[in-house]
Each structure stands twice: as C-alpha cells, then as structure tokens.
Amino acid sequence: MELLACPKCGSEWFVSTRSGERMVFQMDAEQQPVLAEAQTPSATAAPINPNHIFCGACTWQGPASELVESRM
C-alpha cells in the first residue's frame, strides 16, 4: 500500500487532533485514512477530518491534499 507523508518532516503518522482523545492513522495514496492496527475508534475520540489533520511527529497541520509521497 502506498502511503502519503508529512510535507515538513516525512512522517507517515498523523493524529486527528492535538489535544484530548485522538485517532492515530496513516493516509493512503487516495487520501483515505488507514487506522493503526489494534485501534478501535472511540466514541469520544476526535473524528478524522481530511481537511485538517495533524502530523504525529512534528508541528505541521493542514489538509490531506498537501501530503507528499512517502519515501520510506
């Protein structure tokens, strides 16, 4: 599966929000979220909004359309 990465640091991991309960995910080449294994969505977790996601490794935040092809 081809994954997209953060345009700032190259990480393939993203979160749905910076605070509170969040979803951890990756984005496939079609800009669709792929949940981390063994993660079940919680009713209180922030939903994934592809128009505003957060890098799990650096301070980048923005729309999935700005993600780049992963080099990993």
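Further up the page is the structure itself.
Given the structure is predicted, the values throughout are model-derived calculations rather than measurements.

Regarding the overall build of the chain
Then, in step 1: When its secondary structure is counted, the chain shows 0 helices and 7 strands.
Then, in step 2: Listing each helix as α and each strand as β along the chain from the N terminus yields β-β-β-β-β-β-β.
Then, in step 3: Over its C-alpha atoms the chain spans a radius of gyration of 11 Å, differing by no more than 12% from the 11 Å that the globule rule assigns to 72 residues.
Then, in step 4: With respect to the principal axes defined by its C-alpha atoms, the chain has extents near 30 × 25 × 20 Å.
Then, in step 5: Every one of the 72 residues in the chain was classed for burial, and the buried ones make up 36%.

Focus: the side chain of S70
Then, in step 1: Its place among the elements puts S70 in the segment after strand 7 (68–69).
Then, in step 2: Take S70: its relative accessible area is 14%, and that puts it in the buried class.
Then, in step 3: A distance of 2.3 Å separates polar atoms of two side chains, one belonging to S70 and the other to E12.
Then, in step 4: At a separation of 3.2 Å, a polar atom in the side chain of S70 contacts the main-chain amide nitrogen of M72.

Thoughts on the nonpolar core
Then, in step 1: L4, C6, F14, F25, M27, I53, C55, C58, W60, A64 and L67 form the largest nonpolar core, which has 11 residues in total.
Then, in step 2: Broken down by secondary-structure element, the contributors of at least two residues to this core are strand 3 (24–28) and strand 5 (53–55).
Then, in step 3: Non-local contacts of C58, meaning those with residues more than four positions away in its chain, are made with C6, K8, C9 and R18.

Considerations on the environment of C55
Then, in step 1: Of note, C55 is situated in strand 5.
Then, in step 2: If sequence neighbours within four positions are ignored, C55 has contacts with C6, C9, S11, W13, F14, V15, R18 and W60.

Re the side chain of E12
Then, in step 1: With respect to the helices and strands, E12 occurs in the loop between strand 1 (3–5) and strand 2 (14–15).
Then, in step 2: When near neighbours in sequence (up to four residues on either side) are disregarded, E12 contacts L3, L4, F25, Q26, S70 and M72.

Some remarks on the environment of E21
Then, in step 1: Secondary-structure assignment places E21 in the loop between strand 2 and strand 3.
Then, in step 2: On the accessibility criterion, E21 (41% relative accessible area) is partly exposed.
Then, in step 3: Separated by 13 residues in sequence, E21 and K8 place their C-alpha atoms 24 Å apart.

What counts, and at which threshold
- Residues numbered from 1 in each chain as written.
- Predicted model: local features only at pLDDT ≥ 70, side-chain atom pairs only at ≥ 80, totals over all residues.
- Heavy atoms only, no water.
- Helix = DSSP H or I, 4+ residues; strand = E, 2+ residues; numbered from the N terminus.
- Rg over C-alpha atoms; globule rule 2.2 N^0.38 Å.
- Buried < 20%, exposed > 50% of the residue type's maximum accessible area, 1.4 Å probe, protein only.
- Polar contact = N/O pair within 3.5 Å; in protein donor to acceptor, adjacent residues only side chain to side chain.
- Core = buried A, V, L, I, M, F, W, Y, C linked by side-chain atoms within 4.5 Å.
- Contact = heavy atoms within 4.5 Å.

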